[in-house]
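Take a look at the letters that make up each chain.
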Amino acid sequence: MIKISPSVLASDFSKLGEEAVSCEKAGADMLHIDVMDGHFVPNITLGAPIVTSLRKCTSLVFDIHLMICDPMKYIPDFVKAGADIITFHIESDCDVKKTVELIKSAGVKAGISLKPGTPAEEVFPYLEDIDMVLVMTVEPGFGGQSFMEDQLSKICLIRKECSLRGLDTDIQVDGGITDQTAPLVIKAGANVLVAGSFVFKGNKKEAIDSLKKQN
């Protein structure tokens, strides 16, 4: 089943709670919350206090994407704020295995994200321990970028490796997802689609329905 996780990075921050509620009503499965520290990526976004406030507005699965240098330092804050899934970058300054263990020990699902330039094989040693792999199809840091089609082969490689190991791991894709690019990533093996501008810049229900129909 294809799951849709609208990215709040593309929402109207002046009414973030309303945007979250409207995503839930429109049929979203998750809410993708990008956390940027201005160091790992050249932008700064939301912190744990905002997530705490949002948690009061919706029962959607909170899909937290940490684009920060030191994820271990902030994981407890996001767990307390109401995270359901916490994904961090394999390229960050952390011990990957210990970071996964910290997330899982808190009863939260763990994901690992790969930048476009990072080979698929980098995540293979951790596949048995995580719930999701996030493949970035744009350079992380800003919304509204164009889809990088050369990342499709990475999705294929990760899905193939998961299948060989008998794993039903979620593969999430983030960056330039529309009704035109969704069929490409689904065919490659992705089942969780992050969509920002495509969902928030028009009719949310129509956009989400159109993505789910690509299944």
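Let me sum up the structure you'll find in this document. Remember, predicted model here, so these are calculated numbers, not experimental data.

1. Some words on the overall build of the chain
Moving on, step 1. Scanning the chain for helices and strands turns up eight helices and eight strands.
Moving on, step 2. Rg of the C-alpha trace for the chain: 16 Å, near the compact-globule value of 17 Å for 215 residues, within the 12% margin.
Moving on, step 3. If you line up the chain on its principal axes, its C-alpha atoms span 40 × 35 × 30 Å.
Moving on, step 4. Residues classed as buried in the chain amount to 53% of the 215 residues present.
Moving on, step 5. Sequence separation of 24 or more characterises 65% of the internal contacts of the chain that already satisfy a separation of 6 or more.
Moving on, step 6. Summed over all atoms, the accessible surface of the chain reaches about 9,300 Å², with 51% contributed by carbon and sulfur.
Moving on, step 7. Computed over 22 positive and 30 negative side-chain charges, the inter-centroid distance for the chain is 4 Å.

2. A few points about the packing of helix 2 (residues 48-55) against helix 3 (residues 71-81)
Moving on, step 1. At a closest axis distance of 8 Å, the pairing of helix 2 and helix 3 adopts a crossing angle of 15 degrees. If you check the angle between helix 2 and helix 3, you find them roughly parallel. Judged by the twist between their axes, the crossing of helix 2 over helix 3 is right-handed. Note on element contacts: helix 3 touches helix 2 through Asp77, Phe78 and Ala81, opposite Ala48, Val51, Thr52 and Arg55.
Moving on, step 2. For the contact of helix 2 with helix 3, a count of residues per class yields four nonpolar, one polar and two charged.

3. Quick look at the nonpolar core
Moving on, step 1. Ile64, Ile158 and Val185 are the most contacted members of the largest nonpolar core, which totals 63 residues.
Moving on, step 2. In contact with isoleucine 158, other than residues within four places in its own chain, are Leu114, Ala120, Val123, Phe124, Val133, Val135 and Ile171.

4. Examining helix 4 (residues 96-105)
Moving on, step 1. Of all the residues in helix 4, the buried ones are Val96, Thr99, Val100 and Ile103. All buried residues of helix 4 fall inside an arc of 100 degrees around its axis, so they share one side. Of the exposed residues in helix 4, those oriented more than 90 degrees away from the buried face are Lys98 and Ser105.
Moving on, step 2. Where helix 4 is buried, its residues meet helix 3, strand 4 (85-89) and strand 5 (109-114).
Moving on, step 3. N-capping of helix 4 is provided by aspartate 95, with a side-chain oxygen placed 3.2 Å from the backbone N of lysine 97.
Moving on, step 4. Of the residues trailing helix 4, glycine 107 is marked for its positive phi of about 80 degrees.

5. So, the side chain of histidine 89
Moving on, step 1. Tracing the backbone through its elements, the reader meets histidine 89 in strand 4.
Moving on, step 2. Side chain to side chain, histidine 89 and glutamate 91 meet in a polar contact 2.9 Å long.
Moving on, step 3. Engagement of the side chain of histidine 89 in a polar contact is seen with the side chain of serine 113, the distance being 3.4 Å.

Reading the values: the criteria
Residues numbered from 1 in each chain as written. Predicted model: local features only at pLDDT ≥ 70, side-chain atom pairs only at ≥ 80, totals over all residues. Heavy atoms only, no water. Helix = DSSP H or I, 4+ residues; strand = E, 2+ residues; numbered from the N terminus. Rg over C-alpha atoms; globule rule 2.2 N^0.38 Å. Buried < 20%, exposed > 50% of the residue type's maximum accessible area, 1.4 Å probe, protein only. Contact = heavy atoms within 4.5 Å. Areas by Shrake-Rupley, 256 points an atom, 1.4 Å probe, with all protein chains shown as cover. Lys, Arg positive; Asp, Glu negative; His and termini not counted. Charge placed at Lys NZ, Arg CZ, Asp CG, Glu CD. Axes fitted to C-alpha atoms, helices over the stretch in contact; angles between N-to-C directions. Parallel < 35°, antiparallel > 145°, perpendicular 65-115°, else oblique. Left-handed = near helix turned anticlockwise from the far one by under 90°. Nonpolar A, V, L, I, M, F, W, Y, C, P; charged D, E, K, R; others polar. Core = buried A, V, L, I, M, F, W, Y, C linked by side-chain atoms within 4.5 Å. Arc of directions from axis to C-beta. Polar contact = N/O pair within 3.5 Å; in protein donor to acceptor, adjacent residues only side chain to side chain.

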